[in-house]
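# Residue-level structure breakdown
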Amino acid sequence: MSLKIAPFLPELLRSLFKKPATVKYPFEKTPVPKDFRGNVVFDPPKCIGCMICVNDCPAEAIEIIRVSETEKKFKMILHNDRCIHCAQCVDSCPTKTYHMNAEFELAVLNRHQLKIEYK
Amino acid sequence: MAILKPILYILVYPGLIFLMVYSTFCEWYDRKLYARLQNRIGPLHTGRSGILQPVADIIKLFAKEDIVPEKADKAMFTALPIFALAIVCTAALYLPVWHYTEAASFISFPGDLIVVAYLLTLPTLIFFLAGWHSTNYFSAIGGVRVLTMLFGYEIPLLLALLSPAVLADSWRLLEIARFFQNKPLLMLVNVIGFVIALIALQAKLERVPFDIPHAETEIIGGQFTEYSGKKLAFFRLLGDIEMVVGAGLISAVFLGGFPGGLLPGLAWFIIKTLFVISLLAAMRAATSRIRIDQMIHFSWRWLAPLAVLQLFIVIIIKGMVS
Amino acid sequence: MEYKVALGPQHPALHEPISIRMTLDGEIIRDADLKLGYNHRGIEKLAESRTYIQNLYLTERICGICSFSHQTCYTQGVEKLMELVPARRGLYIRTLVCELERVHSHLLWLGVAGQEAGFESFFMYTWRDREVVMDILDWISGNRVHYSMNTFGGVRRDIDELQKKKILDSLGLLKSRTEYYLNLAASEPTFLGRLAGVGKLSKETAIALCAVGPTLRASGVPMDVRKDDPYAVYDEVPFEVCTADSCDVLGRAVVRVKELIQSYLIIEFLLKNLPEGPIKVKAPRKVKENEVYSRYEAPRGENVHYIKSNGSDKPERLKVRAPTLANYAATIAMLKNGFIADIPLIFAAIDPCICCAERLVQLDSARNGESRVLTFSQLRAMANQRYKNVNFKKKDIAWPF
C-alpha cells in the first residue's frame, strides 16, 4: 500500500453533506429494544414466598415480607439504588412473578427516593 | 481630536474589541467545521447553534482558581501571558485592513512585513519561557519542543512570505496587496508558497499535525501544564488571535488583500480569513500528530527546498514580466 | 542529564490509574518501572462470600470492555466443576457473543490508538462504526455493556429470526468499513510514521517475557487459546490464527484488524449453522469439592480463572489472571530506549485493561522468606509511621535546571 497525501480527506468532505451521527438527547430519544432490562416489576398475587430471588440477587436489592399471618401473601421492597438490572430474579422465580419494563431514566438526587414497594 | 482616531483604531477596529469578538467567532467556526468533517455536531447549546461557546469557555476559565507553583517565579509567570497577548494584538494593527490609497494609512510603513513576521515569532519564545519557568518536567519538555519546532518551520515561513514581496517589489504589506489587486493572475505564481505558508502557519499555531509541544496524550499540557484560571484564558485567547492574524497575513500577501473602503474591506477580511481558516481546519482533521524528529526531518527535507524553488520561480517570472 | 518522571497515576494518555516511573535523558527513556495497585477492588475476596450464581455478575464487572470474557471463563470453569454438559444452541450463542465482544473491543482499540497518536478524526469514525456492534449487542442481550448472557448450562436469552437477519445485514456494513480503515491506516503517512518501527519486541524476548495475545502474535508466534485448547464450539468453526512479522506497534494493529475480519467470518458461520434445541440445561446449586483451571482467549490475550470449590454453594477461592498482567513485563522491555512521544502508543498497543489486572499477588518477606497477613488497621498504622519518619521540608526541594 503506497503512501498518499491526505487520503482521509475525501471521506471527511463527504461527511459535510451527511446528517451528523449525533442523537440530540434529550430532545430526540432512540427507542429501546424489546427485552430491554429496565426496572424490575413484581406481581404480588403470584408470589409463593420461596425466597429464591432474595438469595440469588447479587446486589441484595430484594426484600420479601409476609403481609398476613394466615394467608400466603407477600409484599416486595425493591432497593432500586442497589439493583444492577441483571434480571436474575426474573430467571430464578419458579412462578414467573417478575418481569422487566423499559424505563431507563432513573436518576434522582436522593438515593432513598429509589425504594419501590410492591404490595 | 487628532488623538481620538488612533485610539479608536487601537481599541475598536482593527484593535482589541474587534480582534476579541472576531477571534472567538473564528474559533467557533473552526470547531464547527472540524466537527462537521468528523460527522458530528460540535458546539450546539450555548447561544444559537453554539456561537457563544468560546466566550463561555473563557468566562469559565476566568472563574477558576489561579494556582502558581511554589518554586516558580511569580512575576514571570504572571507577566508572560499578558506580554504575549499584547504582542499579538500589536501585530494585528499592521494588517492592511481598509487603507487602499496612499493617504491616511494607519501605521503602515515600508518594511512592515518583516515587523509582523518578527512579532509573530515572539509568542513562540514566550511559550518557551512559560514552559521553563513552571517548575515541572513536562513543561520543560514542552518548552524545549517549542524551540525545536521553531528551527523547523520558521525559515520556510519567511521564505514563502518573501516570494510575493519580491514579485511586488516592496516590503510593505499595503503595496503587496495593491500589486496583486491590480494583477490578479500573478497570484497563481505563488501557489507553492501559499501551501508552504499554510503548513508553516499550522506549525506556528501548534495545531495538529504539529501540536507536539502541548501534546495532550504525551506531556499533559506541555508549556501550559501549570497554567490555570485567567492566565490560561489569556493563552487560549492568544491562540485564537494568532490564528486570525496569521490568516490575515497570508491573505494580505498571497490572496490580494482587502480592497475597498471601510465596509467592503471588512467584508473581504472576513471572507478571506475564513477561507484560510477552513483550509487550516481541514488540515487539522485529516492528519495525526507527528514526532518532533519527524517534523524537523519533514521541514528541512520538503518545506525548505520547496520554498527555495518558489523563490527561483518568482525571480524567473519577474524577469519575464518586467 | 538524567531525571526521573512519573507518568500517572493521573494522565490524559491513561484510561485507568497506573504509575510508570521513568528515568529520562532528554527525550529518550533509559529505564522504566511500573507501580500497580491503584485500582484494586478486592474482587477475589468478595467472590468468596457470594454464591456461584451471584458471582456470575461479580466476575462480569471486573472489566467493562472484556466483561463477557471474564464471565464466560468463570462459567466454563464452574460447568467443569459441576460436570455439566451445556446445551448446544446455548454454546453457539455464547460463542457468537464472544466474537461480537471481540469485534467491539478491537474497534475500540483502533479508535484509542488513533487518539493516542493525535489522529482524532480516525477515533471519531471508528467509534461511530462501533455503534453498529453495540446496537447488535443491545438487541441480543438488552444491554450495551455487561451483557449478562451466561448462566450455568447455557445462555439466558435466545436469538430469533428477525435478530439473525439484522445481524447479518450489519455485518456487511462492518466489513466494508473495516477494509476502509485498514487501507487508510496503511496509507496515511503521518499516522504510519507514528506506528512503524515503534516498540520493537523480538520473538525470543516475547516468548521469554510471557507476552500474550496480539502483542505476542505480532512478533510472529501463532499462539491462540482458541486453537491450542478449544473451548465452546471453536473446534467446529473454521478460522485462522492471525500473525504479523514486524514485531512493532504496526504489526499489532495489523493483527487486530485481521482478527476483526476473521471474527466476521466466524459470526457468519455461527449464525448460518445455529442448531435447534434448548438454550440451557438445569444446573445444581451445590458443587462438590474440586479445583479447575479455565482458559479463554479474550480480545487482549489469554484470560485464566482458577476456581476451587468445597462442597457448598459458595466458592472457596477464585483467582483471576488477566492478559494485561502478563504483558506488563513486555511493556517495560519495549519502553527502554524509546522516545517520550512513543509512550502512549507503546502502552496502548498492548491494549491495557488495568482494572482487569489489579488482582492479589502474595509477596513473601524478602528477609526471612515467610509471609504474613495484616489487617486494615495494622496497614494504616504502618503507613502513618512511615510518613512520620520522613522529614523533608518543601523549601529544600531544588529545581535542578
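The rules behind each value
- Per chain, residue numbering runs from 1 following the sequence as it is written.
- Each chain is given a letter, starting from A, and each ligand a number, starting from 1, according to the order in which they appear as written.
- Residue-level local features of this predicted model are given only where pLDDT is at least 70; pairs of side-chain atoms are given and counted only at 80 or more, and the full residue set underlies all totals for whole chains, interfaces and linings.
- Looking at any residue, its pLDDT shows the predictor's confidence there, from 0 to 100.
- Each helix corresponds to a stretch of at least 4 residues labelled H or I by DSSP, and each strand to a stretch of at least 2 residues labelled E; elements are numbered beginning at the N terminus.
- Only strands joined by at least two bridges in the DSSP assignment are considered to pair.
- Working convention: axes come from line fits to C-alpha atoms, limited for helices to the stretch in contact. Angles between N-to-C directions cover 0 to 180 degrees.
- It is the C-beta atoms, placed from the backbone, that decide contacts: two residues are in contact if theirs lie within 7 Å.
- Throughout this entry, Asp, Glu, Lys and Arg are counted as charged residues, while Ala, Val, Leu, Ile, Met, Phe, Trp, Tyr, Cys and Pro are counted as nonpolar. The remaining residues, Gly among them, count as polar.
- Put simply, a nonpolar core is buried Ala, Val, Leu, Ile, Met, Phe, Trp, Tyr and Cys residues tied into one set by C-beta atoms within 7 Å.
- Exposed residues have 12 or fewer other C-beta atoms within 10 Å of their own C-beta, buried residues have 20 or more, and residues in between are partly exposed; the C-beta atoms are placed from the backbone.
- Residue ranges for the domains originate in an automatic or database domain assignment.

As a further point, take the confidence of the model for chain A. Here chain A shows a mean pLDDT of 87. Residues at 70 or above account for 98%. In the model of chain A, strand β5 (residues 115-118) of chain A stands out as the element of lowest mean pLDDT, 87, in contrast to helix α2 (residues 52-56) of chain A, which has the highest, 91.

Backbone hydrogen bonds are what pair the strands of a sheet, in a parallel or an antiparallel way. All names here are of chain C. Strands sit in the order β1-β2-β3 across an open sheet of three strands; the sheet is antiparallel. A strand with exactly one partner marks an edge of an open sheet, and here the two such strands are β1 (2-7) and β3 (28-35). Within this sheet the neighbouring strands show an average axis-to-axis angle of 20°, counted without direction. By the bridge criterion, six bridges tie β1 to strand β2 (residues 19-25) in an arrangement that is antiparallel. Following the sheet pairing, Tyr3 is matched in β2 by Leu24.

The subject of this paragraph is the interface of chain B and chain A. The partner chain A presents ten residues to the ten residues of chain B that form the contact. Going through the elements one at a time, α2 (16-37) and α11 (262-286) of chain B are the ones with two or more residues in the side of chain B that touches chain A. At three residues, the largest contribution of residues to the side of chain B that touches chain A is made by α11(B). Residues that form the side of chain B that touches chain A fall into these classes: five nonpolar, three polar and two charged.

Once that is clear, we can look at the nonpolar core. Counting residues in hydrophobic clusters, the biggest one holds 199 residues, and the most contacted among them are B:Ala197 and B:Ala200. Lining this core are residues from two domains, each supplying at least three of them: domain 1 (18-53) and domain 2 (64-271 + 291-321) of chain B. Contacts of B:Ala197, omitting those with residues within four sequence positions, involve B:Leu157, B:Ala160, B:Leu161, B:Ile250 and B:Phe254. Within the second largest apolar cluster, 16 residues are counted, among which are A:Cys57, A:Met76, A:Cys86 and A:Cys89.

This brings us to the environment of A:Met100. Residues and elements named next belong to chain A. Mapped onto the elements, Met100 comes out in strand β4 (residues 98-100). Take Met100: there are 18 C-beta atoms within 10 Å of it, and that puts it in the partly exposed class. For the pair Met100 and His85, spaced 15 residues apart in the sequence, the C-alpha separation amounts to 8.6 Å. When sequence neighbours within four positions are dropped, the list of residues in contact with Met100 reads Arg37, Gly38, Asn39, Val40, Ala87 and Val90.

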